[in-house]
Amino acid sequence: NKMLSIMDDWSRESMIKEMITGPEFYDLCQSYDIHMVENIVHPVMQYAKAVMDELNWDLKSAFEWSFTEIYYDWPYSPDFDDSHLEFYGKFGFENGYGNCYVMSSVFCWMARLKGMHIYTVEGYVPLEGGTLAEHGWCEAIIDGKTYVFDASWSRHGNDGFMIQYKQKGTYVYTDYKRVY
């Protein structure tokens, strides 16, 4: 059973963390009029909330913050006892630097606080000369359409806010998957 093999790779604690920090749990709480923002206990969400408070809860400002306040540098490689999203988000908020994975993770945490169904994604983008580079970005389903939020792409002066896959003038994203 594929689901059981996936579950075997996760500890009970990591599964609970994933469930309570995901957009589905947020929506369920909202449907019962439980306001998660006021009662946040997850440490990375605490960081995200503090930044969102500074930005007046503006999503575009949060996106820009993720590539202007996080300066580009490559953090050490984690062991991933935590989720990619948790590790990279915490790293970015605490250290103020990181790579594309960090930028996408800090934005993802802030967007989830706004109630978005958004995920971090890891895959590849082409470099000059035809080789592929590892890359991370966010993906969200909005009104039935899939949108990309690529902070690292924007860091180079491009518009990576709410673009679509295969949109002219953007990266050609390949071999990607959501990593939550």
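Before reading further, recall that the structure is shown in the block above.
Notes on the structure follow. Owing to the predicted nature of the structure, the values given are computational and were not obtained by experimental measurement.

Considering the state of the cysteines
Then, number 1: All chains considered together, the criterion is met by 0 disulfides.
Then, number 2: Cys 108 forms no disulfide, and the closest cysteine sulfur to it belongs to Cys 138, at a distance of 4.6 Å.

Regarding the sheet that holds strand S5 (residues 145-149)
Then, number 1: Ordered by their spatial adjacency, 4 strands build an open sheet running S5-S4-S3-S6, and the pairing between neighbours is antiparallel. One side of each edge strand has no neighbouring strand; the edge strands of this open sheet are S5 and strand S6 (174-178). Geometrically, the sheet is characterised by an average inter-axis angle of 35 degrees between neighbouring strands, direction not taken into account.

Looking at the pattern of salt bridges
Then, number 1: The full count for this structure, using the stated rule, is 3 salt bridges.
Then, number 2: Notably, a salt bridge pairs Lys 49 with Asp 53, separated by 2.9 Å at the nearest N-O pair. With a gap of 4 residues between them, Lys 49 and Asp 53 both fall in helix H4 (residues 43-54), about one helical turn apart.
Then, number 3: On the basis of relative accessibility, which here comes to 22%, the residue Lys 49 falls in the partly exposed class.

Basis of the calculations
- Each chain has its residues counted from 1, running along the sequence as written.
- Local features in this predicted model are restricted to residues of pLDDT 70 or higher, and side-chain atom pairs are both shown and tallied only at a pLDDT of 80 or more, whereas totals for entire chains, interfaces and linings draw on every residue.
- Each side-chain value is derived from all of the structure's non-hydrogen atoms; neither hydrogens nor water enter the calculation.
- Pairs of cysteine sulfur atoms within 2.5 Å are what we label disulfides.
- Being paired, for any two strands, means DSSP has found at least two bridges between them.
- Each helix corresponds to a stretch of at least 4 residues labelled H or I by DSSP, and each strand to a stretch of at least 2 residues labelled E; elements are numbered beginning at the N terminus.
- Interaxial angle, 0 to 180 degrees, is taken between N-to-C directions of lines fitted to C-alpha atoms, where a helix line uses only the stretch in contact.
- Salt bridges, as used here, are contacts in which a Lys or Arg side-chain nitrogen is within 4 Å of a carboxyl oxygen on Asp or Glu.
- In this scheme, a residue with accessible area under 20% of its type's maximum is buried, one over 50% is exposed, and one in between is partly exposed, where area comes from a 1.4 Å probe on protein chains only.

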